Amino acid sequence: MKIKRMVNLVLILALALTATMLPAVMVFGESPAFGTKEPTVIEGARTDAEAPTAPTGLRAGEITDTAVVLNWNASKDNEGVMQYEIRYGTKTLLTENTNATIPDLLPNTSYTFQVKARDAAGNLSAAASLHLETKRSQNDHSMSDWRELQSLASSRLTGVYAKLPGNFKGYADGPLLGNGDVGTVSGGTADSQTIYIDKNDFWMKSSKLTVGGVTVTNHSHGTSSASSYRYEQDLLSAEVRADVTLKNVQLQMKTWVDANSNLVITELRTQAEAPVPLTVDVWVPEAADKPFKSGTDAVRGLLWAARESSTNQTPKDWMSRAVLATRLLGAPLTDFRSSGGRAQADFMLQPNTTVTLVTQVSGGGGENPDVPEAGSYLKLAQARVMGATPATIAAQHEAHLAWWKNFWLKSYVITNDEWFDKYYFGALYALAASNRTGKAAPGIFGSWITNDSPGWGSRYFLNYNFENPYWGVFSSNRPELADAYFDLVLGYMPYGINRTHEAGYRGFSTTRSLARPYGPATVGWDPARVPVSPVAPVKVRSKLNDQLMLGAYLATNFINHYTYTKDTEFLRNKAYPFLLSLADFWEDYLVMENGKYVIKDSAPREANEHDDNSILDIAMVKFLMKGLLTASRDLDVDASRRAKWQDIMDKLADYPTFVYPVTGKEVFKESESYIDGKTGKRIVNPGRPFIGGTNVKGPWHAVMTGLFWPSDEINLSTTSRLKQIALNTIEAYGSWEQTNSFAMQFPAAVRIGYDIDEVLTHFKKIISSSKSSSLLMRNNLTVYQKGGGIETSGSVETINALMLQSYFDESRGKDVIHLFPMLPKDKYPEAHFRQLRARGAFVVSSGLHGGAIADVRLTSEKGGPVHIVNPFGAAHAQVVKIDGTSEVPVRVDQAQGLITFQTEAGATYKLRAN
């Protein structure tokens, strides 16, 4: 290749390091020696004139009146695609993803989108084109909604640190940024500020690893004075602003992680009277068994550092590589040097002058040897930062702000309680910053791992930690936040099926945790590589996992995604194949005894495979069978299997119960019987959970709530004795502050109608009191949970369920929508919500005024009848369809306390008391 100056210089070296430092070989783009004016060119190199292939399969996802989601298939290139260029009208958006949200469009307007791929040499592919029209605006709240969110930014959507954060070992307690692939945490010392950088797919064989970071240090002489620090984490704009003292010098910083690319941007400014000498370090951790390297390029003003996840990889072992490349705009870098995993340079920050650090994070993870050499990622990273100018960064920032504006306008809830609102926005922000379509799903601590030994390896734990962050995204009208979850589960499905087959059973079951990503976000992913194993002739239960319900537990989000969106394409291509694999397993595993299907040798607890008829297994299998029946009918497939699924649902063992001696009331118990650990004999469960003879309020009560949520087995409409038993169970098991319950017990209690004053009292105590024994809201507006992380975001369903619930009403035989079913209207008389999602693909907005429901608006995405519990009491309701500026009356049926009317796909309706 003939190397292009100032843009494309990459010299590829095989760098053999000593066994004491780096026992493996890493291949990097090597920089010219410090002090040389011209880079050296590898002899025999040739020009890269080969353009990438054109993107294929360009298609629209969600289309609204002001935004559209574009998706396409990745282009191919001989040296790697650097980014995609999207043009529409006079605007251009750059992204490294194979999908993009195009916000700030005009309603009812035609657009033509062109997508081209660009490589590191600047070669552009041919264009893929798509013509579409945005929807007519039906939301006369959109402008006022944004003004309201802006007015709340300082009080509800901004977290403040008045001192240096520093607890980064688990779910990082510091200002958090992310784009669903790259995450950053800000921290530092009295002399320096560090941006710790993580990447979702940077794993080793059994644990999540960190990538590295960028540090700015004041190396001037003198000692530090009393420190002054203020960090503002602005959720609305997804940026962190810092005002810090470094050795008596006040420094202002603003950092953001681009929503559309893996650029980390940090602006620095000072009002000091004299220039401030600063050093910038680009670094990766140094470990003997994880190769690392750094370098500089004085000619182009570049610093870089890179690392690999492990050495001596064999084929199919997991391999990750990551590169950081940094450049400074606005001031020259001097005195370049590098050693080990750290590259450094100095610069002078002039008073009242802004300089910008531009850092590109490149890399990927997958099965060895699919992952490109580090030199390839370095070439892409260097080209990316060399292409950054003040103008391009300004354009990227505008698109970044527009992405987040579109995200916040998808839906929101205002309770007018400071703590509830802060939790709500912080929880959604954490999910959006750590999850993105087409990227690897985050581990339990999100996108913010800052060391190589995170608790529990930050793995994917499938016995609730991985599932429940997403339990509230569907009602929050953000189903796309679960896309990475679905891809990982489906990516693991061939392995789970083979593992089950090898144990002698058909279908899919799973281990308790996964220690690496799976699916299309991983380099070189191809499910065809995993040939189907034959089913072993002998069933060996011990080869399966202890908690058999985990596969069905994973299915809850698949089922609820379809229930809330009615997305038939998702059902056909993603959900249904997974549900079928689970049906294969349970049809093979269940045993019929005395007219009942029983579930033998499972357990809701870990490390115990000897419970019979575990309550959580029964609940999840029943929920699975309901989902299968609905999916089969809606897709018009597998009619011959429905009778079996219905039979299983009808004849599953009864939920085991006992009389709780403290209250004298009937409650659910974990299982029907189990093997006694001391005697080895099977006994009838006398009423576990009792842990070591202690009260029921122990860590395993969380296994009970799956019966209430996320399944719909018991809800507000339930009239059977199960409802009272459920209420009794919450009363008995009410360890509200127990670490495992936050995203489980609270939404479950609200959705079955438990005493709301008690629920909200405990909910507020947890998020507002530093004396809470195990959970509390941190200054970054996330709730800490010992032993877990982003799953605390799952309790947004608690807030949503106060405002809006949709559920299957068994007595009426239909899905119903219930407005403000549990919110104490006297305490929150002006609460309101915008665009929450209900079962059946309905999007609803409503509000209270003086405690009375004053505004109801409903958009039907798929059409069909809708049934709403009359929000106006006994009053007759009037329904109108919004048709531009006109309102067209709609025929309404009122019976059994419901408002029922037919809807058209895409139409919006208003309801008011007549």
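That block above? That's the structure.
These figures come from a predicted structure and were not determined experimentally.

## Quick notes on the pairing of strand S8 (residues 110–119)
- When strand S5 (residues 81–88) meets S8, the two strands line up antiparallel, connected through 6 bridges. If you follow Ile86 over to S8, its bridge partner there is Val115.
- As paired elements, S8 and strand S9 (residues 128–133) share 6 bridges and run antiparallel to each other. Bridging across to S9, Phe113 finds its partner in Leu130.

## Some words on helix H3 (residues 390–409)
- Here H3 is 20 residues long and its end C-alpha atoms lie 29 Å apart, about the 28 Å a rise of 1.5 Å per residue gives.
- Turning to H3, its buried residues number three or more, namely Ile393, Gln396, His397, Ala399, His400, Ala402, Trp403, Trp404, Asn406, Phe407 and Trp408.

## Remarks on the packing of aromatic side chains
- Enumeration according to the criterion identifies 51 aromatic pairs in this entry.
- Aromatic side chains Phe168 and Tyr196 sit 5.4 Å apart centroid to centroid with 70° between the ring planes, which places their arrangement in the edge-to-face category. Placement of Phe168 in the loop between strand S10 (158–161) and strand S11 (176–178) and of Tyr196 in strand S13 (residues 192–199) is noted, with a sequence separation of 28 residues between them.
- Measuring from centroid to centroid gives 5.5 Å for Tyr505 and Tyr589, while their planes differ by 45°, and the two rings are tilted. Here Tyr505, found in the loop between helix H5 (483–502) and strand S28 (513–514), pairs with Tyr589, found in helix H7 (residues 568–589); they are 84 residues apart in sequence, far enough to count as distant.
- What makes Tyr505 buried here is its relative accessible area of 7%.
- Residue classification places Tyr589 among the buried residues on the basis of a relative accessible area of 7%.
- Here the basic side chain of Lys422 rests over the ring of Trp419, its NZ or CZ set 5.5 Å away from the ring centre.

## Considerations on the sheet that holds strand S18 (residues 263–270)
- Strand order in this open sheet of 9 strands is S10-S15-S16-S17-S18-S25-S22-S21-S20, and the pairing throughout is antiparallel. The open sheet has two edge strands, S10 and strand S20 (292–297), and neither has a second partner. With direction set aside, neighbouring strand axes in the sheet form an average angle of 15°.
- As paired strands, strand S16 (residues 239–246) and strand S17 (residues 249–257) are joined by 7 bridges and run antiparallel to one another. Each residue of the ladder has a partner; that of Arg241, found in S17, is Lys254.

The rules behind each value
- Residues numbered from 1 in each chain as written.
- Predicted model: local features only at pLDDT ≥ 70, side-chain atom pairs only at ≥ 80, totals over all residues.
- Heavy atoms only, no water.
- Pairing = 2+ DSSP bridges.
- Helix = DSSP H or I, 4+ residues; strand = E, 2+ residues; numbered from the N terminus.
- Expected span 1.5 Å × (residues − 1).
- Buried < 20%, exposed > 50% of the residue type's maximum accessible area, 1.4 Å probe, protein only.
- Phe/Tyr/Trp six-rings, centres within 6.5 Å; stacked < 30°, edge-to-face > 60°.
- Lys NZ or Arg CZ within 6 Å of the ring centre and 35° of its normal.
- Axes fitted to C-alpha atoms, helices over the stretch in contact; angles between N-to-C directions.

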